[in-house]
Amino acid sequence: MGILNVTPDSFSDGGLFATPPRALRHAAEMAEQGAEIVDVGGESTRPGAEAVPVEEECRRVLPVIEAIQRERLGIRVSIDTRRADVAARALDAGADMVNDVSGLGDPQMLPLVAARGCPIVIMHMRGRPRDMQLDTRYVDLVGEILAALGERADQARRATMTDDRIVIDPGIGFGKSATGNEEILRQLGSIRTLGLPIMIGVSRKSFIGHRTGIRNPGQRLSGSLAAATAAVLAGACLVRAHDVGATRQALDVADALRPWVESTYTAEAG
Ligand code: HH2
């Protein structure tokens, strides 16, 4: 999943693709480099970010989604939003799925995706971007994520969503410490016990800077690839990435090595 931030203030690429022609060009590039989905977002959810008004978020994303569909890039479109109103208008404009970092925080989101029959990514976030990094302590980090995602997935099933349309994401960087993010990646196998497809977003994130000392997010490609590869070998099947060509290459190889890991995993589990 290639990231297309149509925002002035995203943490690593804010302002780069903020006009429809630039956004469209970047979507076409990512499709060419092997992205299967492009994730269009009009609100930064970096730590400390303030919410963007619905009309402004729509003004940013809708023309881009329409242009991608008009140009027939052959890539599926995901709308990265926490708001059902934005998601509804994005689906009308041609989006195929919803990526909800609030994990069904808007009570209208579940009825919407259930009625439209589209897939949804349910991500775990404790708190809201504005305050989520103020306290990142947990009694049992992975246990809390498992319980929260399991409960949200059950809620979705009760709303007639089938398992192939529910993707779960532990929310790397959303209300977690740097070491907490590494812990989640080390224990991704236990999130697999929920039996749903797992998505992961590690690209350029600050835990990589914390581990390596690299402060510029644009220089964190190698760390991003290491984390994405580890996630795929542990069972993630969707990876959200800024650097699509390099990520595709790493994951094609990681994916080819997956059967060995699968048998190791099964042997350990059994
Ligand atoms: N991370 C970001 C945004 N959306 N969605 C999912 N499902 N998982 C993630 O890990 C995730 C996400 C943050 O990254 P980015 O879009 O590059 O930054 P910003 O929020 O500043 O726009």
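Relevant structure appears above.
Just so it is clear, the model here is predicted, and its values are computed rather than measured.

Describe the nonpolar core, naming the residues involved and giving the relevant values.
One finds Leu-4, Val-40, Ile-65, Ile-68, Val-98, Leu-188 and Ile-200 to be the most contacted residues of the largest nonpolar core, which totals 69 residues. If one sorts the elements of this core by residue count, helix α2 (residues 54-70) sits on top with seven residues. With residues near it in sequence (within four places) discarded, Val-98 still touches Ser-78, Ile-79, Ala-87, Leu-91, Met-109, Val-113, Cys-118, Pro-119, Ile-120 and Val-121.

How would you explain the packing of helix α5 (residues 141-158) against helix α6 (residues 178-186) if you had to name every residue and give the values?
Orientation of α5 relative to α6, taken along the N-to-C sense of each, is 65 degrees, at an axis distance of 10 Å. Our pair here, α5 against α6, has a crossing hand that is right-handed. For the pair formed by α5 and α6, the contact residues are Leu-141, Val-142 and Ile-145 on the first element and Gly-180, Glu-183 and Ile-184 on the second. Each residue belonging to the contact of α5 with α6 can be placed in one class, and the counts come to four nonpolar, one polar and one charged.

Describe the site of the ligand, naming the residues involved and giving the relevant values.
Around the ligand, a shell composed of 18 residues is seen, among which Ser-10, Ser-44, Thr-45, Asp-169 and Lys-205 lie nearest. The backbone of Phe-11 places a nitrogen or oxygen atom 3.0 Å from an oxygen atom of the ligand. Within the side chain of His-242, a nitrogen or oxygen atom sits 2.9 Å from an oxygen atom of the ligand. Compared with its free state, where it exposes 480 Å², the ligand has 98% of that area covered by protein. A per-class count over the shell around the ligand returns six nonpolar, seven polar and five charged.

Break down the side chain of Ser-224 for me, with residues and values.
Counting through the fold element by element, Ser-224 comes out in helix α9 (residues 221-233). Taking relative accessible area as the criterion, Ser-224 reaches 6% and is therefore assigned buried. Within the structure, the side chain of Ser-224 is placed 2.6 Å from the backbone oxygen of Arg-220, a separation counted as a polar contact. Look past the residues within four positions of Ser-224 in its chain and what remains in contact with it is Val-202, Ser-203, Arg-204 and Ile-208.

Any details on the pattern of salt bridges? Residues and values, ideally.
This model, assessed by the stated rule, comprises 20 salt bridges. Here Arg-89 ties to Glu-55 by a salt bridge, and the two come within 3.0 Å at their closest N and O atoms. Of the two residues, Arg-89 sits in helix α3 (residues 84-92) while Glu-55 sits in helix α2, which places them 34 residues apart along the sequence. We classify Arg-89 as partly exposed; its relative accessible area is 34%. In this structure, the salt-bridge partner of Asp-80 is Arg-240, at a minimum N-O distance of 3.2 Å. Of this pair, Asp-80 sits in strand β3 (residues 76-80) while Arg-240 sits in the loop between β8 (238-239) and α10 (244-256), and the two are 160 residues apart along the sequence. There is no split in this pair, since Asp-80 and Arg-240 are both buried.

Give a detailed account of unusual backbone geometry, specifying residues and quantitative values.
Its identity as a non-glycine residue notwithstanding, Arg-72 has a phi of 50 degrees, on the positive side. The class for Arg-72 is exposed, based on a relative accessible area of 74%. The phi dihedral of Leu-104 falls on the positive side, at around 70 degrees, and the residue is not glycine. You can see Leu-104 is positioned in the loop between β4 (97-100) and α4 (109-116). Accessibility expressed as a relative area gives 7% for Leu-104, which makes it buried.

Here is what the cut-offs are and how they apply
- All chains use their own residue numbering, which begins from 1 and follows the written sequence.
- Per-residue local features are limited, in this predicted model, to residues with pLDDT of at least 70; the limit for side-chain atom pairs, both in listing and counting, is 80 or more; totals at the level of whole chains, interfaces and linings are taken over all residues.
- The side-chain figures draw on all heavy atoms in the structure; neither hydrogens nor water molecules are used.
- Joining through side-chain atoms within 4.5 Å is the link that ties buried Ala, Val, Leu, Ile, Met, Phe, Trp, Tyr and Cys residues into a set, and such a set is a nonpolar core.
- Burial classification: accessible surface area is computed with a 1.4 Å probe over protein chains only, and a residue below 20% of its type maximum counts as buried, one above 50% as exposed, and the rest as partly exposed.
- Think of it this way: any DSSP run of H or I at least four residues long counts as a helix, any run of E at least two long counts as a strand, and we number them from the N terminus.
- Throughout, a residue-residue contact means that at least one pair of heavy atoms, one from each residue, lies within 4.5 Å.
- Between the N-to-C directions of two axes lies an angle of 0 to 180 degrees, each axis being a line fitted to C-alpha atoms and, for a helix, fitted only over the stretch in contact.
- By the definition used in this description, the sense in which the near helix is turned from the far one sets the handedness, with an anticlockwise turn below a right angle giving left-handed and a clockwise turn giving right-handed.
- Gly is put with the polar residues, along with every residue not named as nonpolar or charged; the nonpolar set is Ala, Val, Leu, Ile, Met, Phe, Trp, Tyr, Cys and Pro, and the charged set is Asp, Glu, Lys and Arg.
- Put simply, a residue is near a molecule or strand once any heavy atom of it comes within 4 Å of that molecule or strand.
- Pairs of N or O atoms within 3.5 Å make up the polar contacts considered here, provided that, within protein, one atom can donate a hydrogen while the other can accept it, and that residues adjacent in sequence are counted only when both atoms are side-chain atoms.
- Accessible surface is estimated by sampling points in the Shrake-Rupley manner with a 1.4 Å probe; for residues, cover comes only from the protein chains shown.
- We define a salt bridge as a contact between a side-chain nitrogen of Lys or Arg and a carboxyl oxygen of Asp or Glu at a distance within 4 Å.

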